[in-house]
Amino acid sequence: MDIIKKTYYDIKSMRVRGALKIATTAAKAMQTFIENSKEKNISRLISKIKISASILKKSRPTAVSLPNAMNFILYSAEEHKNLEISKFKKIMSSEIQKFIQNQENALDSIARIGSRLINKEDTVLTHCNSETAIEIIKAAWDRTKNIDVVCTETRPRFQGYLSAKEFRAHGIPTTLIIDSAAHYIMKKLEVDKVIVGADAVCVNGDVINKIGTSQIAVCADEMDIDFIVAAESIKFSPESIVGKISSIEERDTTEITKLRGIKILNPAFDITEAKYVDMIITEDGIIPPQAAYNILKEKFGWTLK
Ligand code: RI2
């Protein structure tokens, strides 16, 4: 199977998952595809790049990091289309490599910036399995050696167990709860902060993340607990400027139950309104959700032209 198809299936089946990981894995696949291409004609190669990008974009519908990564590659291909083909391939490979490195750097910066928000003795709740949120919490632990973490199971795919195992491996005292215990446990354990990742940040500051995020945000609001979103700028949605919001992935209902004769819904994401988000940590610093447009203007000027 070629690299594009393989990566498409890896992402679709969630063997590769997490908004940042799917973007960098898809970018890596494009890089390998370009490097290995035997195509001698640049326009034909660019057409194949376009087809490959559109296949990868379809692997999962919600995380905007994926189309953003693919659009960056398409833009770069367009920019260099007048080069001699071997030079084109070389430049494309190094541009994609830089892009991947930038994402890794962004993750490190967010961990550094975000960890400063967590104080000694804080109890932090996280939902699902966001690499970005987890890096913040691990960095806070490295500094304080004295925090507690609460992980929600995150039905139906139980990504919360991955988070709990990761915290355990890092030596962080961790409590695992069922999703529906969030409100009760936030009160009982006196949770100080909620930190979650994002699959998309819209221009108005609304955040799309794993199903269940928005109800935790409402609970946090009720209890006056900081609700913090950790999101690299690649997760900001330029399309939301013109009113297009990524579609909420509806997954196979057998992930929940094999029961028949009733209607079953299995949305994978929900939308947390900006009014419930206290701050968004990006690689460039901490912003209020209302400042999402500034990030979009700064980082995605090229797509908005
Ligand atoms: P990072 C995940 O989606 C979760 O919703 C998580 O919060 C978000 O991506 C961001 O993850 P899924 O792939 O990029 O588990 O922070 O459906 O790792």
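J.: When you look at the overall build of the protein in this model, what are you seeing that I'm missing?
T.: When helices and strands are tallied, the protein shows eleven helices and ten strands. Taken against the 2.2 N^0.38 rule, which gives 19 Å for 305 residues, the C-alpha radius of gyration of the protein at 20 Å falls within 12% of a compact globule. In terms of principal-axis extent, the alpha carbons of the protein reach across some 65 × 50 × 40 Å. For the protein, buried positions account for 54% of its 305 residues. Across the protein, contacts joining residues at least 24 apart in sequence account for 75% of those joining residues at least 6 apart.

J.: What's the story with the pattern of salt bridges in this structure? I'm lost.
T.: Pairing between side chains becomes possible if they bear opposite charge and their charged atoms approach one another. Here the structure, examined in full by the defined rule, presents 19 salt bridges. Each member of the salt-bridge network shares a partner with another, and the members are Arg60, Arg157, Glu249, Arg251 and Glu255.

J.: How should the sheet that holds strand S1 (residues 123-126) be read in this particular structure?
T.: Each strand in a sheet pairs with its neighbour through backbone hydrogen bonds, running either in the same direction (parallel) or in the opposite one (antiparallel). A sheet is described by the order of its strands in space; here seven strands give the open sequence S3-S2-S1-S4-S7-S9-S10, paired in mixed fashion. Because the sheet does not close on itself, it has two edges, and the strands there are strand S3 (174-177) and strand S10 (285-287). Within this sheet the neighbouring strands show an average axis-to-axis angle of 25°, counted without direction. In this sheet, strand S9 (residues 279-282) lies alongside strand S7 (residues 226-230) in parallel orientation, the contact comprising three bridges. The partner of Ala230 across the bridge, within S9, is Ile281. Helix H5 (residues 85-115) contacts S7, S9 and S10 of the sheet and is inclined by roughly 135° relative to S9. Set on the sheet, helix H9 (residues 213-223) makes contact with S1, strand S2 (148-152), strand S4 (193-196) and S7; between it and S7 the angle comes to about 145°.

J.: Please clarify how the sheet that holds strand S6 (residues 207-210) should be interpreted in this entry.
T.: With respect to topology, three strands assemble into an open sheet ordered S5-S6-S8, the strand pairing being antiparallel. Two strands bound the open sheet, and with one partner strand each, they are strand S5 (200-201) and strand S8 (269-272). Pairing between S6 and S8: four bridges, direction antiparallel. Across the sheet, the residue bridging to Asn209 is Asp270, located in S8.

J.: What is the right way to look at the packing of aromatic side chains in this model?
T.: Aromatic ring pairs are defined here through the distance separating the ring centres and the angle between the ring planes. Inspection of every chain in the model, using the stated rule, returns three aromatic pairs. Ring centres 5.1 Å apart and planes at 80° place the aromatic pair Tyr8 and Tyr9 in the edge-to-face group. On the basis of relative accessibility, which here comes to 18%, the residue Tyr8 falls in the buried class. A relative accessible area of 42% places Tyr9 in the partly exposed class. An angle of 20° between the planes, with centres 5.2 Å apart, marks the rings of Phe72 and Phe99 as stacked. Of this pair, Phe72 sits in helix H4 (residues 65-79) while Phe99 sits in helix H5, and the two are 27 residues apart along the sequence. As far as burial versus exposure is concerned, Phe72 and Phe99 are alike and both buried. Positioned over the ring face of Phe269 is Lys210, at 4.2 Å from the centre of the ring.

J.: Sorry, what's going on with the packing of helix H2 (residues 19-36) against helix H3 (residues 42-57) here?
T.: For any two helices packed against each other, the geometry comes down to the angle between their axes and how far apart the axes lie. Where H2 contacts H3, the axes come no closer than 11 Å and their chain directions differ by 155°. Regarding the angle of H2 to H3, the classification is roughly antiparallel. When you trace H2 past H3, the crossing you get is right-handed. For the pair H2 and H3, contact is made by Ala26, Ala29, Met30, Phe33 and Ile34 and by Lys48, Ile49, Ser52, Ala53 and Leu56, respectively. Each residue belonging to the contact of H2 with H3 can be placed in one class, and the counts come to eight nonpolar, one polar and one charged.

J.: Just checking my understanding: could you explain the site of the ligand for this structure?
T.: If you check the shell around the ligand, you find 17 residues, and the closest are Arg17, Ser130, Asp199, Asn209 and Lys210. The backbone of Glu131 places a nitrogen or oxygen atom 2.8 Å from an oxygen atom of the ligand. Between an oxygen atom of the ligand and a side-chain N or O atom of Asn209, the distance comes to 2.6 Å. Computed on the free molecule, the ligand has an accessible area of 450 Å², of which 99% lies beneath the protein chains in the complex. Here the ligand is seated within the largest cavity.

J.: Would you mind going over the state of the cysteines with me for this structure?
T.: Note on terminology: a disulfide is the covalent bond linking the sulfur atoms of two cysteines. Applying the stated criterion to the full structure yields zero disulfides. Of the cysteine sulfurs around Cys128, a residue in no disulfide, the closest is that of Cys151, at 10 Å. Note on Cys128: relative accessible area 6%, which makes it buried.

Calculation rules
- Residues numbered from 1 in each chain as written.
- Predicted model: local features only at pLDDT ≥ 70, side-chain atom pairs only at ≥ 80, totals over all residues.
- Heavy atoms only, no water.
- Helix = DSSP H or I, 4+ residues; strand = E, 2+ residues; numbered from the N terminus.
- Rg over C-alpha atoms; globule rule 2.2 N^0.38 Å.
- Buried < 20%, exposed > 50% of the residue type's maximum accessible area, 1.4 Å probe, protein only.
- Contact = heavy atoms within 4.5 Å.
- Salt bridge = Lys/Arg side-chain N within 4 Å of Asp/Glu carboxyl O.
- Pairing = 2+ DSSP bridges.
- Axes fitted to C-alpha atoms, helices over the stretch in contact; angles between N-to-C directions.
- Phe/Tyr/Trp six-rings, centres within 6.5 Å; stacked < 30°, edge-to-face > 60°.
- Lys NZ or Arg CZ within 6 Å of the ring centre and 35° of its normal.
- Parallel < 35°, antiparallel > 145°, perpendicular 65-115°, else oblique.
- Left-handed = near helix turned anticlockwise from the far one by under 90°.
- Nonpolar A, V, L, I, M, F, W, Y, C, P; charged D, E, K, R; others polar.
- Near = heavy atom within 4 Å.
- Polar contact = N/O pair within 3.5 Å; in protein donor to acceptor, adjacent residues only side chain to side chain.
- Areas by Shrake-Rupley, 256 points an atom, 1.4 Å probe, with all protein chains shown as cover.
- 1 Å grid on protein atoms, 1.4 Å probe; cavity = no way out; pocket = protein on both sides within 12 Å on 5 of 7 lines; lining within 4 Å.
- Sits in = over half its atoms within 2 Å of the grid points.
- Disulfide = S-S within 2.5 Å.

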